[in-house]
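# Structural features, examined
Chain residues, written in single-letter form:
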Amino acid sequence: MATDYYELLGVGREATADEVKKAYRKQALKYHPDRNPGDKEAEERFKEMSNAFEVLADPEKRQLYDRFGPEGPRRAGFGGFNSVDDVFASFRDIFGDMFGMGFGGAGQQRARGADREVDLELTFIEAIEGCRHELKVQRREPCSTCGGRGAAPGTRPAICPTCRGKGQVMHAQGFFMISTGCPTCRGAGSVIRDPCTACGGEGLQQVDDTLQVSIPAGVEDGQTLRLSGKGDLPPGGGLPGNLYVHMHVAAHEHLERDGANLYVEVPIAFPLAVLGGRVKVPVLEGEIEIDVKPGTQPGEVVVLHGLGAPHLHRSGRGDQLVRLTIGVPAKVDERTEQLLRELAEQLGGEGLAPRHVGLLDRLHTRAKRKRRS
Ligand SMILES: [Zn+2]
Ligand SMILES: [Zn+2]
């Protein structure tokens, strides 16, 4: 779906937050599932509208969208909506104010299950290219034995004797009567006399599940993916929570990555730097040989165009930057030592002129990059 969010809502690129909200209200009323029961197409439209609104109503997400398209907010960890329930859960306050509390499922207070979190280890290459992963997760669902009520089958929760079902009790404190949550039923108003043996009266049971998740190409270490509706279900039925997948990307043996660019430092021997020649350099696909020009200075950067990681929002790849330094062996054999002494004598121990290397610029660039991430 390459639909433009602004077109979808029928607003201009310069539309204010208020105009965006008004436009969404109009569209949402038209395609609302309660007005189009059983109409799959209307439901799809409703979800699309809601996705568009979610992004355009939030300044941060809107900016990401304007710069990178629909993938922008998604890449930054803002997932879209998979179901209509998901829309209602996120926009409960908006729908309340839009349609009034009685309008279908929109304004109803539905219980929502707890969110779950899981860690996922990715290799350097998986993060760059994207991948599919099988994820073993545990979540809690209403207990199948008691149907989530917590009471043993054939029994019912009884009215709490302490608060008589109110969930609140009154205390005298000095001259005042103070109402607090009932300590016996913890505010539920009912107590379970015969707890379900399967769930111990909690109404929830743990289930193991295996999910297939696709990890988009270009994710970075520390990013989180939201799988909506893959968290716990509340005991009494309602909306499921979300599953948050925290991604940990393993370091590459040699390469470092910043977005689509790759970096590596390759030490070369002093004679190679002086005379020029060729040196092997690790790249994403393995190894290539590059030219070293005569008189190469330590710290010189060779740019390998198009050998970086794939770009996220357009075709092509970034660059790989190779920084050449002079490798100094910690120890040399006798023959080498002798040759070096001869060389030292030949060069006469004269130092070379100090030079300007743009160190300050480099430090600034690094600081900028840090601030951006
Ligand atoms: Zn149970
Ligand atoms: Zn009570």
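Conventions and cut-offs
- Residues numbered from 1 in each chain as written.
- Chains lettered and ligands numbered in written order.
- Predicted model: local features only at pLDDT ≥ 70, side-chain atom pairs only at ≥ 80, totals over all residues.
- Heavy atoms only, no water.
- Phe/Tyr/Trp six-rings, centres within 6.5 Å; stacked < 30°, edge-to-face > 60°.
- Helix = DSSP H or I, 4+ residues; strand = E, 2+ residues; numbered from the N terminus.
- Buried < 20%, exposed > 50% of the residue type's maximum accessible area, 1.4 Å probe, protein only.
- Donors = N, O, S within 2.8 Å, 3.2 Å for Na, K, Ca; no water.
- Tetrahedral: all angles 85-135°; square planar, octahedral: opposite > 155°, others 65-115°.
- Pairing = 2+ DSSP bridges.
- Axes fitted to C-alpha atoms, helices over the stretch in contact; angles between N-to-C directions.
- Expected span 1.5 Å × (residues − 1).
- Arc of directions from axis to C-beta.

Take the packing of aromatic side chains next. Each aromatic ring pair is described using two quantities: the centre-to-centre distance and the angle formed by the ring planes. Enumeration over the complete set of coordinates arrives at 3 aromatic pairs. Between the aromatic rings of Y5 and Y65, the centroid separation amounts to 4.4 Å while the plane-to-plane angle is 10°, which identifies the pairing as stacked. Taken together, the residues Y5 in helix 1 (residues 5–9) and Y65 in helix 4 (residues 59–68) connect sequence positions 60 residues apart. Judged by its relative accessible area of 8%, Y5 is buried.

Quick look at the coordination of the zinc ion (ligand 2) now. Looking at the zinc ion (ligand 2), the protein donor atoms are C160 (SG), C163 (SG), C182 (SG) and C185 (SG), and they sit 2.2 to 2.3 Å from it. Each of the 4 donor atoms bound to the zinc ion (ligand 2) contributes to angles spanning 100 to 118°, and the resulting shape is tetrahedral. Mapping the donors of the zinc ion (ligand 2) onto the primary sequence gives the spacing C-x2-C-x18-C-x2-C. Residue C160 is located in the loop between strand 3 (158–159) and strand 4 (168–173), and its partner C185 is located in the loop between strand 5 (176–181) and strand 6 (190–191); the two are separated by 25 residues in the primary sequence.

The pairing of strands in a sheet comes from backbone hydrogen bonds and takes either a parallel or an antiparallel form. Sheet architecture is open: 3 strands sit in the order 1-9-8, paired in mixed fashion. Sheet topology places strand 1 (116–122) and strand 8 (224–227) at the edges, where each strand pairs with a single neighbour. Averaged over neighbouring strand pairs, the angle between their axes works out to 25° when direction is ignored. As judged from the 4 bridges shared by strand 8 and strand 9 (residues 243–249), these two strands associate in the antiparallel manner. Each bridged residue has a counterpart across the sheet, and for T224 the counterpart in strand 9 is H246.

With that settled, consider the coordination of the zinc ion (ligand 1). Only C143 (SG), C146 (SG), C196 (SG) and C199 (SG) from the protein reach the zinc ion (ligand 1) as donors, at distances of 2.3 to 2.4 Å. Classification of the site at the zinc ion (ligand 1) as tetrahedral follows from its 4 donor atoms and the range of 102 to 116° in their angles at the metal. As a motif over one chain, the donors of the zinc ion (ligand 1) read C-x2-C-x49-C-x2-C. Pair noted here: C143 is in the loop between strand 2 (131–142) and strand 3 and C199 is in the loop between strand 6 and strand 7 (204–215), with a separation of 56 residues, a long-range link. As far as burial versus exposure is concerned, C143 and C199 are alike and both buried.

Spatially, the 4 strands line up as an open sheet ordered 10-11-15-14, and their pairing is mixed. The sheet is open, and its two edges are formed by strand 10 (256–258) and strand 14 (300–304), each paired on a single side. Across the sheet, the axes of successive neighbouring strands diverge by a mean angle of 25°, strand direction being ignored. Note: strand 14 against strand 15 (residues 320–326), 5 bridges, orientation antiparallel. Across the sheet, residue V302 finds its bridge partner in strand 15, namely V322.

Moving on, we come to helix 2 (residues 17–31). Relative to the 21 Å expected for 15 residues at 1.5 Å per residue, helix 2 spans 21 Å between its end C-alpha atoms, a close match to the ideal helical length. Looking at helix 2, one finds that the buried residues are V20, A23, Y24, Q27, A28 and Y31. Around the axis of helix 2, the buried residues are gathered within 130° of arc, so they sit on the same side. The exposed residues of helix 2 that point more than 90 degrees off its buried face are K22 and K26.

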